[in-house]
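Understanding the architecture of this molecule
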Amino acid sequence: MKKLSILLFCGLCLSLQVSAQQKTKDERMQWWREARFGMFIHWGVYAQWAGVYHGHEQLKGGAEWIMNRSKIPVAEYQAMAKNFNPVKYNADEWVRMAKQAGMKYIVITAKHHDGFAMFKTKASKWNIVDATPYGKDVLKPLAAACHKYGIRLGFYYSQAQDWNNPGGAVSRRPASDGWANPDSAAIDAYTKAHDGHWDPAQETRSFADYIKEVAVPQVKELLTNYGKVSVLWWDTPTNMTEEAALALQAQLKYQPDIITNDRLKRPDFPGDTKTPEQKIPGLNELDGKDWETCMTMNGTWGYRTSDNNWKTPETLIHNLCDIASKGGNYLLNIGPKPDGTFPQQSVEALSEIGKWMKTNGEAIYATHASPLPPLSWGRCTQKTSGSGTILYLHIFDWPADGKLWVPGLHHSITSAKLLANGILCQSKQTPEGVQIQLPAHAPDKMASVIKLQLTGNL
Ligand code: JFZ
């Protein structure tokens, strides 16, 4: 008995030691670098407003900014939560849609700039459990579904800006950004004198105390109550201090493998990933860095009824190929409706992307940036294995004469196969590069991919 307990004790010590061992950055980043494609979700009470304040269409910015842009008083904004009742919310369905689309991770707004916590929190009553008729934490079932379907879970957390919890920072915007408010000039004079705040209720606590009493405890809750959390997505470091950033960063100890972005405090808390927003970086612009382009499907992060500026599935797929060809990730946004469902256009786009990914996913996942110069007809990604290389040629513009030129390539080709139908294509070496003989018509109208196997590395 004694022997056994000594043995058990030693085993325990050993496993504690192993689990306490820090992973290297490369080990921590590996899943993320292979994932290439994730879902961003911007959801909160702002979905209730949907871009309209007292009949006035919000003039500038995403619909999740309506409180700040339209200078909605705290009491009025909070009253709207009494109608927030997303009874059609089904976390399983959301995660299944992400998975079907080929996405490998989800980052959801646990708290956006309006300070509304989509989770049960002891740090503020301004949360979905205490302030809405719905009365349930929406992150709990999402975390469970992510873990069930093998999708990585990430939380977006607005650490500095908070327009409802007193003491939170405000990024200053003119009142005329919201609507043609006749009092704009007076409001702007007030916000100028009050560090961006437009309602005295926002100023009953200091920023330092807001960080201590709201942000730090909430980040701790997020990192301890939902099982494994893979990403913490900070945003807009307005007024951030060194002290606040250190206190927030210290909470990451609860999820030692977590990946964070570069928005905790600029420039001295650089995080793991760069976050180009609504744009795809130029060729080689961010080489050597881990980066993720976040982008909306229409023009707003939070749900907006009047925004019908939807990108086509073809554009979204081309963006994904473009981003992968430059070595980055694509974090594609959904702005769910107040009832808890995705806009129909988003559902359809996800389904189209999923069909394409089912056939062509291997040209995206775990690939590296293109080794070739820019290609007139599309994009390229690559995988290397020992002495061989696979190039994936993403053809957006099918050549009319059926001849695909890969300029500057002089390696010997083992095979050239269309992923869409398995058809093998003839190829020949020329002094200018490789020429591939394609069938007359593109098998995939979005983007057809040739898997080119060759010897040697580029
Ligand atoms: C921020 C938010 O304000 C916005 O509502 C949304 O959540 C988006 C994903 O992030 O907006 C930003 C943040 C950073 C930049 C631009 C907009 N930036 O660095 O250019």
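Residues numbered from 1 in each chain as written. Predicted model: local features only at pLDDT ≥ 70, side-chain atom pairs only at ≥ 80, totals over all residues. Heavy atoms only, no water.

**Re the nonpolar core**
Core analysis: the largest hydrophobic core is formed by 105 residues, its most contacted members being Leu139, Leu142 and Phe155. When residues of this core are assigned to domains, at least three fall in each of domain 1 (24-363) and domain 2 (378-455). Not counting residues within four places of it along the chain, the set of residues in contact with Phe155 comprises Val107, Ile108, Ala110, Leu139, Leu222, Tyr226, Val229, Val231, Leu232 and Trp233. Among the nonpolar cores identified, the runner-up in size contains 21 residues, and Cys380, Leu404, Ile436 and Leu438 belong to it. (Core = buried A, V, L, I, M, F, W, Y, C linked by side-chain atoms within 4.5 Å. Buried < 20%, exposed > 50% of the residue type's maximum accessible area, 1.4 Å probe, protein only. Domains from an automatic or database assignment. Contact = heavy atoms within 4.5 Å.)

**Some details on the domain arrangement of the chain**
Often, the extent of an interface is quoted as the loss of accessible area on bringing the components together. What the domain assignment reports for the chain is domain 1 (24-363) and domain 2 (378-455). One C-alpha centre belongs to domain 1, the other to domain 2, and the line joining them spans 39 Å. In this assembly, 14 residues from domain 1 lie in contact with 15 residues from domain 2. For the pair domain 1 and domain 2, the summed buried surface comes to about 1,300 Å²; carbon and sulfur atoms form 59% of the total. In this structure, the connection of domain 1 to domain 2 is made through two salt bridges. Two residues, Arg379 and Asp322, come together in a salt bridge whose shortest N-O distance is 2.8 Å. Secondary structure elements with two or more residues in the side of domain 1 that touches domain 2: α12 (313-325) and α13 (344-360). Looking at the side of domain 1 that touches domain 2 element by element, the count peaks at eight residues for α12. (Buried area = accessible area lost by both parts, 1.4 Å probe. Salt bridge = Lys/Arg side-chain N within 4 Å of Asp/Glu carboxyl O. Helix = DSSP H or I, 4+ residues; strand = E, 2+ residues; numbered from the N terminus.)

**Some remarks on helix α6 (residues 91-100)**
Restricting attention to buried positions, one finds in α6 the residues Ala91, Trp94, Val95, Met97 and Ala98. All buried residues of α6 lie within an arc of 155° about the axis, which places them on one face of the element. Among the structural elements, β1 (37-41), β4 (105-111), α8 (139-149) and α13 are those in contact with the buried residues of α6. Where α6 begins, the side chain of Asn90 points an oxygen toward the backbone nitrogen of Asp92, at a separation of 3.1 Å. Gly102 sits one or two residues past α6 and shows a positive phi near 95°. (Arc of directions from axis to C-beta. Polar contact = N/O pair within 3.5 Å; in protein donor to acceptor, adjacent residues only side chain to side chain.)

**Remarks on empty space enclosed by the protein**
Gaps left between atoms are located by rolling a probe of water-molecule size over the structure's atoms. Scanning all chains against the criterion turns up one cavity of 30 Å³ or more. Size it by volume and the largest cavity reaches roughly 30 Å³. Lining the largest cavity, in full, are Trp32, Val231, Leu232, Trp233, Ile259, Thr260, Asn261, Thr273 and Glu292. Among the secondary structure elements, those contributing two or more residues to the lining of the largest cavity are β6 (231-234) and β7 (259-260). Sort the elements by how many residues they give to the lining of the largest cavity and β6 lands first, with three residues. Residue composition of the lining of the largest cavity, by class: five nonpolar, three polar and one charged. (1 Å grid on protein atoms, 1.4 Å probe; cavity = no way out; pocket = protein on both sides within 12 Å on 5 of 7 lines; lining within 4 Å. Points joined across faces, edges and corners; volume = space filled by probe spheres on them. Nonpolar A, V, L, I, M, F, W, Y, C, P; charged D, E, K, R; others polar.)

**Some details on the sheet that holds strand β13 (residues 413-418)**
Taken in spatial order, the four strands make up an open sheet running β10-β11-β16-β13, and their pairing is antiparallel. Bordering the open sheet on either side are β10 (378-385) and β13, each of which pairs with just one other strand. Looking at each pair of strands side by side, their axes are set apart by 15° on average, direction ignored. Relative to strand β16 (residues 448-455), β13 runs antiparallel, the two being bridged by five bridges. Looking at β16, one finds that Lys417 is bridged to Lys451. Along the sheet, α12 contacts β10 and β11 (388-395); its crossing angle with β10, the most-contacted strand, is approximately 45°. (Pairing = 2+ DSSP bridges. Axes fitted to C-alpha atoms, helices over the stretch in contact; angles between N-to-C directions.)

**Structural notes on the pattern of salt bridges**
Scanning the entire structure with this criterion turns up 24 salt bridges. Residue Asp162 is joined to Lys111 by a salt bridge in which the shortest nitrogen-to-oxygen separation is 2.7 Å. Of the two residues, Asp162 sits in the loop between β5 (152-157) and α9 (184-193) while Lys111 sits in strand β4, which places them 51 residues apart along the sequence. Look at Asp162 and you get buried, because its relative accessible area is 1%. Residue classification places Lys111 among the buried residues on the basis of a relative accessible area of 0%. Across the pair Glu277 and Arg263 runs a salt bridge, and its minimum N-O distance is 2.8 Å.

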